[in-house]
Amino acid sequence: MPRLPRFHLIGVPQHVVQRGNNRQACFFDPDDYRFYLDRLQNAAAAAGVDVHAYVLMTNHVHLLVTPQRDSAVSKMMQSIGRSYVQYVNRRQQRTGTLWEGRYKASPVESERYLLTCYRYIELNPVRARNMANHPADYPWSSYHANAHGDGGHWLTPHPLYQRLGSTNQARQKAYCDLFAEAPSAETMREIRRSTQQGVVLGSERFRKEIEQATDVRATPRKRGRPKQRVSPQR
């Protein structure tokens, strides 16, 4: 299977997903979540990545980030991967890989999808149903920081989040109001498909801009097998 493309574009948000190998657990107790977040904070600062939103699920991670340097997201994820796998292997007395290959990432068109990605990420525990009835019920996401200003001092609000209000209180109130309605099922599928295929989440115009800037395919593959050419009968 060919490797997914990497879009190294400074200032363009990315939705990053990394899953446990064979969808197995990668977090086992609260200390594991705390250790990962500590490493995420340090690695993001060292690499030059703004982290806007995150959720740590039992067997996977979602991040919404914006790189401020070339290849910053790759450097951040490599740093976290090395330190966290060593930590888990030592604590769990295990060896071998923890993650399911390389992380997946999708560039996000800010004006159209960014705040939706915030919600998509922080609603993960609610979609799991048995984990939380509301994002506020789940401790290992950025919802508490973005919606209530609790913790998350190391997170960097995206300019679109900043536009939600003129004060912290107004922004947090407006952000909470966004969660009165979940993203549509079609939008959820579009976000999921973009990250799985490692392509752009955005309009056709945005995709073409990304392709021109990177010379990398940015549009999703069509479903189904390609049509075979039929040779003319002789």
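See the structure above.
What comes next is a walk through the structure. (Residues numbered from 1 in each chain as written. Predicted model: local features only at pLDDT ≥ 70, side-chain atom pairs only at ≥ 80, totals over all residues. Heavy atoms only, no water.)

1. What to know about the sheet that holds strand S4 (residues 104–107)
This is how the line gets drawn: Two strands qualify as a pair provided DSSP detects at least 2 bridges between them. Secondary structure elements are defined from DSSP: runs of H or I of at least 4 residues count as helices, runs of E of at least 2 residues count as strands, and each element is numbered from the N terminus. Helix axes are fitted only over the stretch in contact, all axes being lines through C-alpha atoms; the angle between N-to-C directions runs from 0 to 180 degrees. By definition in these notes, contact holds between two residues if any of their heavy atoms fall within 4.5 Å.
Across the sheet, four strands lie side by side as S2-S3-S1-S4; this open sheet has antiparallel pairing. Sheet topology places strand S2 (49–56) and S4 at the edges, where each strand pairs with a single neighbour. Here the strands of the sheet are splayed against their neighbours by 20° on average, with no regard to which way each runs. As paired elements, strand S1 (residues 14–19) and S4 share four bridges and run antiparallel to each other. Bridge pairing links Gln14 to Pro107 in S4. Lying over the sheet, helix H8 (residues 185–197) contacts S1 and S4, oriented at roughly 120° with respect to S4.

2. Observations concerning the pattern of salt bridges
For clarity, the cut-off: Any carboxyl oxygen of Asp or Glu within 4 Å of a side-chain nitrogen of Lys or Arg constitutes a salt bridge here. Note on classification: 1.4 Å probe, protein chains only; a residue is buried when its accessible area is under 20% of the maximum for its type, exposed when over 50%, partly exposed between these limits.
One pass over the full model with this rule turns up 11 salt bridges. Notably, a salt bridge pairs Arg205 with Glu109, separated by 3.1 Å at the nearest N-O pair. Of this pair, Arg205 sits in helix H9 (residues 204–214) while Glu109 sits in the loop between S4 and helix H3 (110–122), and the two are 96 residues apart along the sequence. What makes Glu109 buried here is its relative accessible area of 8%. The salt bridge involving Lys173 is made with Asp177; its shortest N-O contact spans 2.9 Å. Of the two residues, Lys173 and Asp177 are both situated in helix H7 (residues 168–178); the distance of four residues between them amounts to about one turn of the helix.

3. Concerning the packing of aromatic side chains
What counts, and what does not: Ring pairs are drawn from Phe, Tyr and Trp, using the six-membered ring of Trp, whenever the two centres fall within 6.5 Å, and their geometry is named by plane angle: stacked under 30 degrees, edge-to-face over 60, tilted for the rest. Ring-over charges, as used throughout, are those where CZ of Arg or NZ of Lys falls within 6 Å of the ring centre and within 35 degrees of the ring normal.
Overall, the coordinates contain 17 aromatic pairs when judged by the stated rule. Look at Phe27 and Tyr36: their rings are 5.5 Å apart centre to centre, the planes differ by 80°, and that puts the pair in the edge-to-face class. Over the ring of Tyr120 we find Arg127; its NZ or CZ atom is 4.2 Å from the centre of that ring.

4. Side note on the nonpolar core
We count it as follows: Throughout this description, the term nonpolar core refers to a set of buried Ala, Val, Leu, Ile, Met, Phe, Trp, Tyr and Cys residues connected via side-chain atoms within 4.5 Å.
In this structure, Tyr36, Leu40, Leu56, Leu63, Met76, Met77 and Tyr84 are the most contacted members of the largest nonpolar core, which totals 58 residues. Apart from the residues within four sequence positions on either side, Tyr84 is in contact with Cys26, Phe27, Asp32, Phe35, Tyr36, Leu98 and Trp99. Core analysis: the second largest hydrophobic core is formed by six residues, Phe7, Leu9, Val12 and Ile210 among them.

5. A word on the side chain of His15
Here His15 lies in strand S1. Those residues in contact with His15 that sit more than four places away from it in its chain are His62, Leu63, Leu64, Lys104, Ala105, Ser106, Val108, Tyr120, Ile121, Ile191 and Thr195.

6. Things to note about H7
Test applied: The directions from the helix axis to the C-beta atoms form the arc being described.
Those residues of H7 not exposed but buried are Arg171, Gln172 and Tyr175. Across the axial projection of H7, the buried residues extend over an arc of 95°, all falling on one side. Pointing more than 90 degrees away from the buried face of H7 are the exposed residues Gln169 and Lys173. Elements that come into contact with the buried residues of H7 comprise H3, helix H5 (143–148) and helix H6 (159–162).

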